[in-house]
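# Summary of the model geometry
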Amino acid sequence: MCTDISYNLNSEKSPIILLHGWGMNKTIWSELVALLPDDIQSRIHCLDLPGYGDNRIGLLEYNLTSLTEWLAAQIHQPSIVIGWSLGGLLAQNLALNFPDKVSKVGLIASSPKFMKSDNWPGIKAEVLTLFLTQLSKDHVKTVERFLAIQAMGSDSARKDISALKKVVLSVPLPTATALQEGLRILQNVDLREQLAQISCPIFALFGKLDSLVPIAAKSEIEKLNSNIQSTCFDKSSHAPFISDKINFKTWLLDIIA
């Protein structure tokens, strides 16, 4: 069962922090955590990012810097920090700016730069611009559309979307600020140069069918840091821990080991 941050400071084993993506909340990890051995479950700590789920903390400014500072304040010993999508961007920035807090980084369908450019594979600018426009009209439907994109291409797409919707609707909806500013982070942040400076081990997982972090980004990301060990799931899209739980479990346990 996912928990909030809490530590046994006498433990010699690193806590494992799981960070959800845009529009989601910490319960996204519940089915996965239930599959893990008891000794691993006891080390898992899932958080709601500010503005998501039960975390209604107000930040003076909602940006990657403030989110990173908030996260760093929650972590009291070197931890394995694993982030999905937007959560992976946060994990990278934490490892860069608070290296004493991070022993390993796990990136799930994430990237140092989410937007497509001439020399970088990513999301087309008009896609996120459309999301920002639609959020002001109906953010529930906008999040639903985003969920559909995350599961698109997977053999189990319909089932994946159903699972994601169930998670989103099981807790209070994200705040408009968290959704709007989260999209702006995805739209504007570029950590490619900074990624090269992270010294701890980095484990990156990609879905071959992912439309948000295209598989073409894998080789580009590998060039940025020699500490990156990357894996690709051929039949997964943007949420491999939902569409391919068994293989994902193996990947996760390998990181922890």
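Residues numbered from 1 in each chain as written. Predicted model: local features only at pLDDT ≥ 70, side-chain atom pairs only at ≥ 80, totals over all residues. Heavy atoms only, no water.

### What about the pairing of strand β1 (residues 16-19)?
Selection rule: Partly exposed residues are those whose accessible area sits between 20% and 50% of the maximum for their type, while under 20% is buried and over 50% is exposed, using a 1.4 Å probe and protein chains only. Labels follow the DSSP assignment, with helices taken as runs of H or I lasting at least four residues and strands as runs of E lasting at least two, numbered in each case from the N terminus. Here a strand pair is declared whenever DSSP counts at least two bridges between the two strands.
Neither face of β1 is exposed, since Ile 16 and Leu 18 on one face and Ile 17 and Leu 19 on the opposite face are all buried. Two elements, β1 and strand β2 (residues 44-47), share 4 bridges in a ladder whose sense is parallel. Following the sheet pairing, Ile 17 is matched in β2 by His 45. In this sheet, strand β3 (residues 79-84) lies alongside β1 in parallel orientation, the contact comprising 4 bridges. Across the sheet, residue Ile 17 finds its bridge partner in β3, namely Val 81.

### Focus: the sheet that holds strand β5 (residues 202-207)
Keep this limit in mind: Fitted lines through C-alpha atoms give the axes, limited to the stretch in contact for helices. The angle between two N-to-C directions lies from 0 to 180 degrees. In this description, contact between two residues means that some pair of their heavy atoms is separated by no more than 4.5 Å.
Spatially, 6 strands are ordered β2-β1-β3-β4-β5-β6 in an open sheet, and the strand pairing comes out parallel. Across the chains shown, the open sheet's two edge strands, defined by having one partner strand only, are β2 and β6 (228-233). Shown here is a sheet whose adjacent strand axes are inclined to one another by a mean of 20°, direction ignored. Of the pairings in the sheet, the one linking β3 to strand β4 (residues 102-108) comprises 6 bridges and is parallel in character. Bridged to Ile 80 within β4 is Lys 104. Here helix α4 (residues 86-97) sits on the sheet in contact with β1, β3 and β4, set at roughly 145° to β3.

Nothing here speaks to function; it is geometry throughout.
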